[in-house]
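# Observations on the model geometry
Take a look at the letters that make up each chain.
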Amino acid sequence: MFRNDSLEIWNLTDGGTACTGALDRFLVVGRILDHRLGGLPLKYQLNGGPLTPVAQNPTEAMRERLAPWSFGIDSIRSEMLGDENELEIVVDDGALPSIASVRFRRDMLPSGPCFDLKDRAATARSIEELAQVVDGPWEVQRREDDSPLVQLRTDGAGYDRVCLFTDPLPDGYRIDATLRVTHFKHPTHNVGLVFKWNDHEVGDGTVMPTTWNTGLAYFYSSSPGLRLRVGVGVHVDETGTKVGDHVLARHVMSHTRRWMGRIVSRLPPRGLIVSQLRRDVAYRFVADITPTRYVLRVGEVDGPDQHVLVADDPPDLLPVGAAGVIALNTAVTIEDFVVEPLVDDSDGVVRAEAGAAE
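For the structure given in this document, a descriptive report is provided here. Quick caveat, the model's predicted, so the values are computed rather than measured.

### Some words on unusual backbone geometry
We note that Asn 47 has phi near 50 degrees; this positive angle belongs to a residue other than glycine. Along the chain, the position of Asn 47 falls in the loop between β5 (42-46) and β6 (52-57). Phi angles above zero are rare outside glycine, and Asp 280 is one such case at about 65 degrees. Tracing the backbone shows Asp 280 in the loop between α3 (255-264) and β21 (282-289). Taking the relative accessible area as the measure of exposure, Asp 280 reaches 46% and is therefore partly exposed.

### Examining the side chain of Thr 214
Secondary-structure assignment places Thr 214 in strand β18 (residues 212-220). At 3.2 Å, the side chain of Thr 214 forms a polar contact with the backbone oxygen of Phe 195. When neighbours within four sequence positions are excluded, Thr 214 is seen to be in contact with Val 194, Phe 195, Lys 196, Trp 197, Arg 229, Val 230, Gly 231 and Leu 318.

### Some words on the nonpolar core
Leu 117, Leu 130, Trp 138, Phe 165, Ile 334 and Phe 337 are the most contacted members of the largest nonpolar core, which totals 53 residues. By residue number, the principal contributor to this core is strand β16 (residues 173-184), which donates 6 residues. Ala 18, Phe 26, Val 28 and Phe 71 belong to the second largest nonpolar core, which has 25 residues in total.

### Description of the environment of Thr 241
With respect to the helices and strands, the residue Thr 241 is situated in the loop between β19 (226-236) and β20 (242-251). Among all residues touching Thr 241, those that are not within four sequence positions of it are His 235 and Val 236. A polar atom in the side chain of Thr 241 sits 3.0 Å from the side chain of Thr 239.

### Overview of the sheet that holds strand β3 (residues 16-20)
On the basis of which strands lie adjacent, the open sheet formed by 9 strands has the order β1-β2-β4-β7-β6-β5-β8-β9-β3 and mixed pairing. Edge positions in the open sheet fall to β1 (2-3) and β3, since each of these has one partner strand only. Across 3 bridges, β6 lies against strand β7 (residues 69-73) in antiparallel orientation. Pairing of Asn 57 across the sheet is with Ser 70, part of β7.

### Things to note about the packing of aromatic side chains
Counted by the stated rule, this structure contains 6 aromatic pairs. Centroid distance Phe 26 to Phe 104: 5.8 Å. Interplanar angle 20 degrees. Geometry classified as stacked. Pair noted here: Phe 26 is in the loop between β3 and β4 (28-32) and Phe 104 is in strand β9 (residues 98-108), with a separation of 78 residues, a long-range link. Its relative accessible area of 2% is what places Phe 26 among the buried residues. On the accessibility criterion, Phe 104 (3% relative accessible area) is buried. Each ring, one from Phe 115 and one from Phe 337, has its centre 6.1 Å from the other, and the planes form 75 degrees; the classification is edge-to-face. Pair noted here: Phe 115 is in strand β10 (residues 115-116) and Phe 337 is in strand β25 (residues 330-344), with a separation of 222 residues, a long-range link. One exposure class covers both Phe 115 and Phe 337, and it is buried. Through pairs of rings, three or more aromatic residues link up here, namely Phe 115, Phe 165 and Phe 337.

### Quick notes on the pattern of salt bridges
Taken as a whole and judged by the stated rule, the model has 20 salt bridges. Residues Glu 8 and Arg 3 are paired through a salt bridge, measuring 2.4 Å at the closest nitrogen-oxygen approach. The class for Glu 8 is buried, based on a relative accessible area of 1%. The exposure class of Arg 3 is exposed, given its relative accessible area of 55%. One salt bridge connects Glu 139 with Arg 153, and the closest N-O pair in it is separated by 2.6 Å. Taken together, the residues span a long stretch of sequence, with Glu 139 in strand β12 (residues 139-142) and Arg 153 in the loop between β13 (148-152) and β14 (161-164) at a distance of 14 residues. On the basis of relative accessible area, Arg 153 is assigned to the partly exposed category, the value being 39%.

Cut-offs and rules
Residues numbered from 1 in each chain as written. Predicted model: local features only at pLDDT ≥ 70, side-chain atom pairs only at ≥ 80, totals over all residues. Heavy atoms only, no water. Helix = DSSP H or I, 4+ residues; strand = E, 2+ residues; numbered from the N terminus. Buried < 20%, exposed > 50% of the residue type's maximum accessible area, 1.4 Å probe, protein only. Polar contact = N/O pair within 3.5 Å; in protein donor to acceptor, adjacent residues only side chain to side chain. Contact = heavy atoms within 4.5 Å. Core = buried A, V, L, I, M, F, W, Y, C linked by side-chain atoms within 4.5 Å. Pairing = 2+ DSSP bridges. Phe/Tyr/Trp six-rings, centres within 6.5 Å; stacked < 30°, edge-to-face > 60°. Salt bridge = Lys/Arg side-chain N within 4 Å of Asp/Glu carboxyl O.

Below, the structure is given as structure tokens:
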């Protein structure tokens, strides 16, 4: 992470290396720390190129308490990056004083459905060395035994925090992840896996579009619970109708906790949240993505119960896309994340390819 008195950039480190390959664009995301800059027009310059607008997203907290504004750059195409790069952010007030200058190298995510977080992150110092960040201040941390994990802290929880660990993959792979939620920021929250993640709609530099394209194998509090879902060009139209969204399967994890969550969220004191996912408990999310079937299995790592969702003959809406993790209004620790190739036999049984871990 890059940080100075003016701002912080969540997915760049001065003198560091940043991965690309999950998307056709290289996103730059962060937040403005100096409240005097909030709302002022900002521009960036990449490798001495033209000055281009930086989109800002003022939060209610910023307006009320002079808290940080978030910002994002989505207009850098991957081919615009060189082996060595310099990104400069300036205030567009005529004088154009620089408020940040970051030098970074470019690397590529590993190709194909073979990824192991523990191996990949063994020497990583920052999140951008092992993943392509879509949003959020994800961090690489170490356990007491020095093994790596990825963490999104409480103060970084927010809207659709996403990091991607693979390049675009065709069907025929398994994602096996261990996730632990450490904090719920809002009664509306989600956490789980993304697959077939594609670029969002590209903005004009002044706003960050919310139209999205991805598969989701996750828990979402504003649904029965677990869901298998694919969206293509998802947005709300002028009539208030959500379009492009396809829910393929859903499943309640705990009817009791679902009922309690609905009741408690309406009672004072506000801030008490009951989720079907238990806080500080490790859950294993396993998603099989094949041409003929999507399967999601979720259960506590140390528990006997496992919840299973199956979507047979899913529509081929997104042929390829990257795999990663999503977290809405939750602080979460990614304790493990493995992607391995699968074969889908004619009898409908999914098996790991020879040599792949079981």
